[in-house]
Amino acid sequence: MYFAGVDIGSTMTKIVVMDGAGNICSRIVGPTGPEHRRLANEVLTQALEQANLSFGQIDYVVATGYGRVNVPFADRQITELTCHARGVASLFPTVRTAIDIGGQDAKGLKIKDGKLLDFVMNDKCAAGTGRFLEVLADTLGLELDDLGGISLESTKKVPISSTCTIFAQQEVIARISEGLPLEDIVAGLHNALAGRVARMVQRLRVEPDVVLTGGVAKNIGVVKAMKENLGYKILVPPDPLLTGAIGAAILGKEITSKAMAEGVPIERKERHLEEVTFFK
Amino acid sequence: MTQGSKGLAKAKEVYEDRSRRAKELKAEGRKIIGYPCIYVPLEMMTALDLVPYRIYGDMREPITEADRGLQTAFCAIMRSCLDLGLKGKYDFLDGFVAAHSCDPQEKAVRVWASLIEHPYTHFLDVPGTLQAGSWEYFKGQLTALKKTLESFTGKIITQTRLREAIEAHNLQRALVRELYDLRKPDPPLISGAETLQVIKALTSIPVEEGNELLRQVITEVKKRKNGPQKKPARLLVWGNTMDDIAHVETIEGDEANIVMDDHCGGSRAYRTDVELTEDLLDGLTDYYLVKLIPPRTFRVAVLGETKKDWAADLESRFGYIGEYIKGWDVNGVIMQLVRYCDPHGFEQPAIKDYFDSLGIPNTYLEHDYSEGALAPLRTRVQGFLEVIGPKA
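What you see is a predicted model; the values in this text were computed from it and never measured.

Student: Looking at this structure, how should I read helix α2 (residues 19-27) of chain B?
Tutor: Quick reminder: α-helices carry 3.6 residues per turn. Residues three or four places apart thus point the same way. All names here are of chain B. Every buried residue belonging to α2 is among Ser 19, Arg 21, Ala 22 and Leu 25, and all of these are buried. The arc that holds every buried residue of α2, seen down its axis, measures 160°, which confines them to one face. Considering only its buried residues, α2 is in contact with β1 (32-35), β2 (51-54) and α9 (207-223). A positive phi of about 105° marks Gly 29, the residue just after α2.

Written out as structure tokens, the structure is:
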């Protein structure tokens, strides 16, 4: 049997195809954006080609993420909160707190025995998300992927406000003109972002193990700043963008197994591998 | 109002065109008095044949004009009310009475009064604590309101008329409680969205017409076969206010029925009655100062239990919600706040402690007052419903 998890985030679409034993047969990360979200079906087609499978061979498809609502090729929609929790717990069974920082949102998940107990989520502001770093990397004339390494050179991070991305941008411009070292400014930005997310997640009463996921978890500087802000070691999965899609695929597998064990029909939708429509 | 429409259809009609009836009555010579919150004693207006008309914001209307008079990081509901006022949506009002239910309301209505001219305005101060002298002070405030209303209308509020008005509003409270009882079965006989339509209709028409509407709705709802479907979750929503059915439907979706609420756009104004005391102002003072329970009033001053016993203090403040949870067989609580509500924001950690002590799953959702806030809200509500699972 095969299962697909489709995580349509605000910035990236992530797809995982998994077999009945829980092995990942293919994994694809593609951009979302206004046009790309519609074309999530093409990302799934790529994932199927990579796994050498046809769409008909997929037994269950779970869609998650911001764009999950009108996915015509999914059997079920499950929120990214539940899917991330399940995905993280499959990779780190001892996880108690998961923090996911995506392109346009951040969430904290409280997990016990692999189950989501509680969560917090920002609802709109760019500060405390990947967008914050994108904007500030652009202001500094740096590549997003280089920020982490640069910040490790810092000896004295510059305090930057985390209230607002635009205010932070103004502060950064002022600090540059004061001639402060670039690495100290970048380390300050990571601290601002991590501090903001940490304060939001602390509402859940953070407990170890703490796992950081999402695109921002690829930035070693943010991981370091998060450790400093929370006071706990931060675990990062090898591919931190994929945990939501992995969780979605696992949940699809569990829904199917449960129905089969109970001898009831698996609740499927009439699926079509077609373009995703926008919110109604 | 369309001839012949009754019950839920009529409530929907009033909800969708709130000011129509008020404008008809105005054309007949009645005076329409706006009020923005549940702390304004409508009984006094009814006793003078004035038509109380609640001032709401509109989450579908982007706030533009209010930025001339208020900060943007300020209660969005009051900003929206002022915005609609400045856009002429409340021009038909002959006046308004506001109350100090919170600082933003006071500031917003002061700005309103300075920018929009009405023949009559009155501001009712409400003490923020219950302590020695609060009661007498507030009775004095009600006496002052009575005088300005009498001066505006040129009529006297007689004890007989005030008693009749209190009885009419008490009847409305009892009928609303009867309506809410129809949400106890599973599935509830009336949905959260339909209930909000009825409540909002009641605040748009004279009390007698509202009572007739309630009688019709109750009869219809008891008899109909096409009520809400049974859904996995039965929710209670606590918070500052809800005033748009899209907001309610965002929470209910296919997975939940809101079966009970405790917010200023729902059951709060109808929870208890005004006592018919010998001096009727005593009963009104007691009701609006003591019996109304939104978190804008700091109660620990009289109860004094906080330091001695936190659990006893929580029970004394929120025990009525515990009764709702039992009585309406609730399996999840959503604490929802339109952003920047200080009184509710300060209360939220305590009420969360209370829900936790009852072992009832709960989540806290703060959001903007706009249509755009509903999609992200949906994800958080759905996530919560996935956490609690279907009701056993």
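Now that the structure has been shown, the text picks up again.
Student: In this structure, what is going on with the side chain of Glu252(B)? I would like to understand it.
Tutor: Residues and elements named next belong to chain B. Tracing the backbone through its elements, the reader meets Glu 252 in helix α10 (residues 245-252). With no salt bridge to any partner, buried Glu 252 finds its closest opposite charge in Lys 231, at an N-O distance of 5.0 Å. Here the side chain of Glu 252 touches Gly 192 through a polar contact of 3.0 Å, landing on its backbone nitrogen. Not counting residues up to four positions away in its chain, the partners in contact with Glu 252 are Ser 191, Gly 192, Ala 193, Lys 231, Asn 257 and Ile 258.

Student: What's the story with the interface of chain A and chain B in this structure? I'm lost.
Tutor: At the junction of the two partners, chain A supplies 14 residues and chain B supplies 14 residues. Carbon and sulfur atoms supply 49% of the area that chain A and chain B bury against each other, a total of about 1200 Å² over both sides. Three residues stand out in chain A for area buried against chain B, namely Arg68(A), Phe119(A) and Asp123(A), and they jointly supply 40% of the buried area on that side. On inspection of chain A and its partner chain B, the count reaches 0 salt bridges. Taken together, the links from chain A to chain B amount to 4 residue pairs in polar contact (both at pLDDT 80 or more). Only α3 (80-91) and β8 (115-121) of chain A provide two or more residues apiece to the side of chain A that touches chain B.

Student: I tried to follow the nonpolar core on my own but got confused; where do I start?
Tutor: Residue and element names in this part refer to chain B. Counting 77 residues, the largest nonpolar core has Met 44, Leu 236, Leu 284, Ile 321 and Phe 355 as the members making the most contacts within it. Examining the composition of this core, we find that 7 residues originate from one element, helix α7 (residues 159-181), more than from any other. The contact partners of Leu 284, leaving out residues within four places of it in the chain, are Glu 43, Met 44, Leu 142, Leu 162, Ile 166 and Val 274. Judged by nonpolar contacts, the second largest core, of 68 residues, contains Ala 22, Ala 108, Val 109 and Val 248.

Student: Would you mind going over α9(B) with me for this structure?
Tutor: Counted at 1.5 Å a residue, the expected span for α9(B) with its 17 residues is 24 Å, and the 24 Å between its end C-alpha atoms agrees. Buried residues of α9(B): Val207(B), Gly210(B), Asn211(B), Leu213(B), Leu214(B), Gln216(B), Val217(B), Ile218(B) and Val221(B), and no others.

Student: What's the story with the sheet that holds strand β4 (residues 120-124) of chain B in this structure? I'm lost.
Tutor: By way of backbone hydrogen bonds, the strands of a sheet pair with one another, either parallel or antiparallel. Residues and elements named next belong to chain B. Read across the open sheet, the 4 strands follow the order β2-β1-β3-β4; overall the sheet is parallel. Two strands lie at the open edges of the sheet, namely β2 and β4, each paired on one side alone. Adjacent strand axes in the sheet meet at a mean angle of 25° when their direction is disregarded. In the sheet, strand β3 (residues 95-99) pairs with β4 via 5 bridges, with the strands oriented parallel. Its bridge partner lying in β4, Phe 96 is registered against Thr 121. Each of β1, β3 and β4 is contacted by helix α6 (residues 134-153), which is oriented at about 175° to β4, the strand it contacts most.

About the criteria used
- Residues numbered from 1 in each chain as written.
- Chains lettered and ligands numbered in written order.
- Predicted model: local features only at pLDDT ≥ 70, side-chain atom pairs only at ≥ 80, totals over all residues.
- Heavy atoms only, no water.
- Buried < 20%, exposed > 50% of the residue type's maximum accessible area, 1.4 Å probe, protein only.
- Helix = DSSP H or I, 4+ residues; strand = E, 2+ residues; numbered from the N terminus.
- Arc of directions from axis to C-beta.
- Contact = heavy atoms within 4.5 Å.
- Lys, Arg positive; Asp, Glu negative; His and termini not counted.
- Salt bridge = Lys/Arg side-chain N within 4 Å of Asp/Glu carboxyl O.
- Polar contact = N/O pair within 3.5 Å; in protein donor to acceptor, adjacent residues only side chain to side chain.
- Buried area = accessible area lost by both parts, 1.4 Å probe.
- Core = buried A, V, L, I, M, F, W, Y, C linked by side-chain atoms within 4.5 Å.
- Expected span 1.5 Å × (residues − 1).
- Pairing = 2+ DSSP bridges.
- Axes fitted to C-alpha atoms, helices over the stretch in contact; angles between N-to-C directions.

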